[in-house]
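Below, each chain spelled out in residue letters.
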Amino acid sequence: MFGLLTVALLSFTSAMAETTAPESGIDPISGFVIKPGFETVRAHCTACHSGKLVTQNHMSRERWLSTIRWMQKTQNLWPLPQEEQILDYLSANYGERTIGRRAQLPTHLMPPRAK
Amino acid sequence: MKSAKTKVTSALSSAEGPTARANDVNTGNVSTPPSSKATADITRRRFLMGLGTFGALTGAQTLLAPLLPSGMISSAIAQTKDSFRIIGKSAGLVVLNDRPINAETPAHLLDDKITTAENMFVRNNGIPPTSIDPANWLLTIEGESAKQSKQYTLADLKQKFTHHSYQLTLECGGNGRAEFSPGAKGNQWTTGAVACPKWTGVRLADVLKDVGIKDDAVYIGYYGKDTHISGDPSKEAISRGVPINKALEEENLIAWAMNDADIPFMNGHPLRLVIGGWPASTSGKWLERIVIRDQIHDGAKMAAPAYRVPCEPVAPGSKVADEDMCIIHAMPIKSLITYPKSGDSHKKDVQFPVRGHAWAGDKAVSKVELSIDFGQTWLVASLEKPVNRNAWQHWHSQIQFPSKGYFEVWAKATDSDGVGQPMILPGWNPKGYLNNACHRVAVQVM
């Protein structure tokens, strides 16, 4: 049984890895951008919820920090010993974007560009 | 390791057939339910094919159970290119989050007048229950403003009360969040956290009155069988409610069926609340308890900032104190273009049909207009009446383009109080709720 478990886990993980090329700079396990600090973020930030809850968002350092405090206060998040490093990573790679009162339609909903 | 039988139920069952939620939890039984549709068959076959590669069926199901979020198939097993597919849901749904599972429906897949089960969005604050037992399901009604505490089985509800069916629009309060700038925290829904299927059940009002409502009743609250994502059993994933007057409206249901079949597991099977016109977080899933309160309900996700907006409008990016946030009640006027699909091409000299739906929480839609010049001129569309209060309304029109080129078709609905949709984003709020700005689709006219 243990042997079968090992095989199944490896097959599952390698199949998952194949769905996103490491060359694209995205960690296939969590979806995080592969930049300094991402392993720390992955370790603390995907224990309860998927990495997608992080990577969907773009916020200032202050708002990432207040999100962490909210999770610690109400959602059972533990103290983060590497909090500064985590905030560095999040504000660098998932930082605030300002696009005004209406952005353009996203690319996938636009007609193909003429050649 | 969790008992294999519970994972079998959630992983292999489908939303498609009326008997899909059968209580058969035999580990080894993977037979197809009698009335599955094609989609469910393909899903199940792919799942079985994947498992066959790994060896003994029963052993592999047990092994995979801890690795897969409840209710999902990994592409490794499903042999598709999608990262994740949700059991019983169209492969066209866009998965925003896999834990907890949240997925929205592209606008062109909401073209049906009555949303199909496979096309209804999936929204979770927490983790869906891992085992359900409809035969022994109990709904408890109690609370400080209930005259008694009473319990009903599903059979009790079905036998004791008149059945009612209503088409009711459920829209997530955060639908449209993705457009706010600066970005609002949470799942970045675009336009797809909305659906209007036909629900069947009993009137919430009838059940509450059967229990008896004290004169000091102010609010109701619900509790469901979903669990908190931290795994802490003392924490509720979500427990919201509505004021008692809203609760007693006749269209609100304690429902067991969607489109005459069991509600999909991911949308709350075997029993849920359906409260039309208000944020869908008031429509509790996997419903097991309703409390009648003598105060505003204070369950999980009732307190600020959840499902609240600033009581007084604020500039984008502002910090707002919890005490300055007010609970969202009825959802604002909104519309969707479901045909054509954005990005399609169209021949200039052929008539161009456009259609979709419009809705307004607790109000009717009185007008839908279309513009192909960014709001400079508007054309009034044909608009149908709703089949019942809080169902969405269908509209359609034909457009003549003045030339070839890139156009956008914008739709703007107006409600029965004369309140219309904004073309740009409405007031910013910290959690990104209530974006009801006009929907638009791009068309290349050739």
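The rules behind each value
Residues numbered from 1 in each chain as written. Chains lettered and ligands numbered in written order. Predicted model: local features only at pLDDT ≥ 70, side-chain atom pairs only at ≥ 80, totals over all residues. Core = buried A, V, L, I, M, F, W, Y, C linked by C-beta atoms within 7 Å. Buried ≥ 20, exposed ≤ 12 C-beta atoms within 10 Å, placed from the backbone. Domains from an automatic or database assignment. Contact = placed C-beta atoms within 7 Å. pLDDT = per-residue confidence, 0-100. Pairing = 2+ DSSP bridges. Helix = DSSP H or I, 4+ residues; strand = E, 2+ residues; numbered from the N terminus. Axes fitted to C-alpha atoms, helices over the stretch in contact; angles between N-to-C directions. Parallel < 35°, antiparallel > 145°, perpendicular 65-115°, else oblique. Left-handed = near helix turned anticlockwise from the far one by under 90°. Nonpolar A, V, L, I, M, F, W, Y, C, P; charged D, E, K, R; others polar.

Trainee: Which parts of the structure should I look at to understand the nonpolar core?
Mentor: Across soluble globular proteins, you tend to see nonpolar side chains buried next to one another. Judged by nonpolar contacts, the single largest core of 85 residues is most densely connected at Leu253(B), Ile254(B), Val274(B), Val365(B), Val368(B) and Val409(B). Split by domain, this core shows at least three residues from each of two domains, domain 2 (134–327) and domain 3 (334–445) of chain B. Aside from chain neighbours lying at most four places away, what touches Val365(B) is Ile333(B), Ala358(B), Trp359(B), Ala360(B), Leu383(B), Gln393(B), Ala413(B) and Asp415(B). Phe32(A), Val54(A), Ile86(A) and Tyr89(A) belong to the second-largest nonpolar core, a separate cluster that totals 10 residues.

Trainee: Just to check I follow, could you spell out the confidence of the model for chain B for this structure?
Mentor: If pLDDT is low for a region, its predicted coordinates should not be looked at in detail. All names here are of chain B. Overall, the predicted model of chain B reaches an average pLDDT of 86, with 81% of residues at or above 70. Within the model, the stretch residues 1–67 combines pLDDT values under 50 with 113 contacts to residues more than four positions away or in other chains. Within the model, the stretch residues 78–82 combines pLDDT values under 50 with 14 contacts to residues more than four positions away or in other chains. Predicted complex metrics record ipTM = 0.71 and pTM = 0.81.

Trainee: Quick question: what am I supposed to make of the sheet that holds strand β27 (residues 439–445) of chain B here?
Mentor: Each strand in a sheet pairs with another by means of backbone hydrogen bonds, the pair being arranged parallel or else antiparallel. Residue and element names in this part refer to chain B. If you walk across this open sheet you meet the five strands as β20-β27-β26-β22-β23, and the pairing is mixed. In this open sheet, the two edge strands, each paired with only one partner strand, are β20 (345–346) and β23 (379–380). Sheet analysis places β20 next to β27, joined by two bridges and oriented parallel. The residue bridging Ser345 from the neighbouring strand is Gln444, located in β27.

Trainee: Can you walk me through the environment of Pro313(B) in this structure?
Mentor: Residue and element names in this part refer to chain B. Structurally, Pro313 is set in the loop between β17 (308–310) and β18 (325–327). Here Pro313 falls in the exposed class, since 11 other C-beta atoms lie within 10 Å of it. Along the chain, Pro313 and Ile333 lie 20 residues apart, while their C-alpha atoms are 18 Å from each other.

Trainee: Just checking my understanding: could you explain the packing of helix α4 (residues 61–74) of chain A against helix α5 (residues 83–93) of chain A for this structure?
Mentor: When two helices pack together, their arrangement is given by the angle between the helix axes and by the axis-to-axis distance. Residue and element names in this part refer to chain A. For the pair α4 and α5, interaxial distance at closest approach is 9 Å and the crossing angle is 130°. Considered as vectors, α4 and α5 are oriented oblique to each other. Note that α4 runs across α5; the crossing there is right-handed. Residues Arg61, Trp64 and Leu65 of α4 pack against Leu87, Leu90 and Ser91 of α5. Taken together, the residues of the contact of α4 with α5 break down into four nonpolar, one polar and one charged.

Trainee: Can you walk me through the packing of helix α2 (residues 38–45) of chain A against α5(A) in this structure?
Mentor: All names here are of chain A. Relative to each other, α2 and α5 sit at 105°, their axes nearing to 9 Å. One element, α2, and the other, α5, form an angle in the roughly perpendicular class. Contact residues: α2 offers Phe38, Thr40, Val41 and His44, while α5 offers Gln85, Ile86, Tyr89 and Leu90. In terms of residue class, the contact of α2 with α5 is made up of five nonpolar, three polar and no charged.

Trainee: Can you walk me through unusual backbone geometry in this structure?
Mentor: Negative phi is the rule for most residues except glycine; trans is the rule for most peptide bonds. A cis amide bond links His269(B) to the next residue, Pro270(B), at an omega of 10°. Take Pro270(B): it is sitting in the loop between β14 (261–262) and β15 (272–274). With a phi angle near 70°, Asn76(A) is a residue other than glycine that sits in the positive phi range. Summarising the element assignment, Asn76(A) is placed in the loop between α4 and α5. For Asn76(A), a count of 15 C-beta atoms within 10 Å corresponds to the partly exposed category. Positive phi, close to 65°, is recorded for Leu434(B), a residue that is not glycine. Note that Leu434(B) resides in the loop between β26 (405–415) and β27. The exposure class assigned to Leu434(B) is buried, which follows from the 22 C-beta atoms found within 10 Å.

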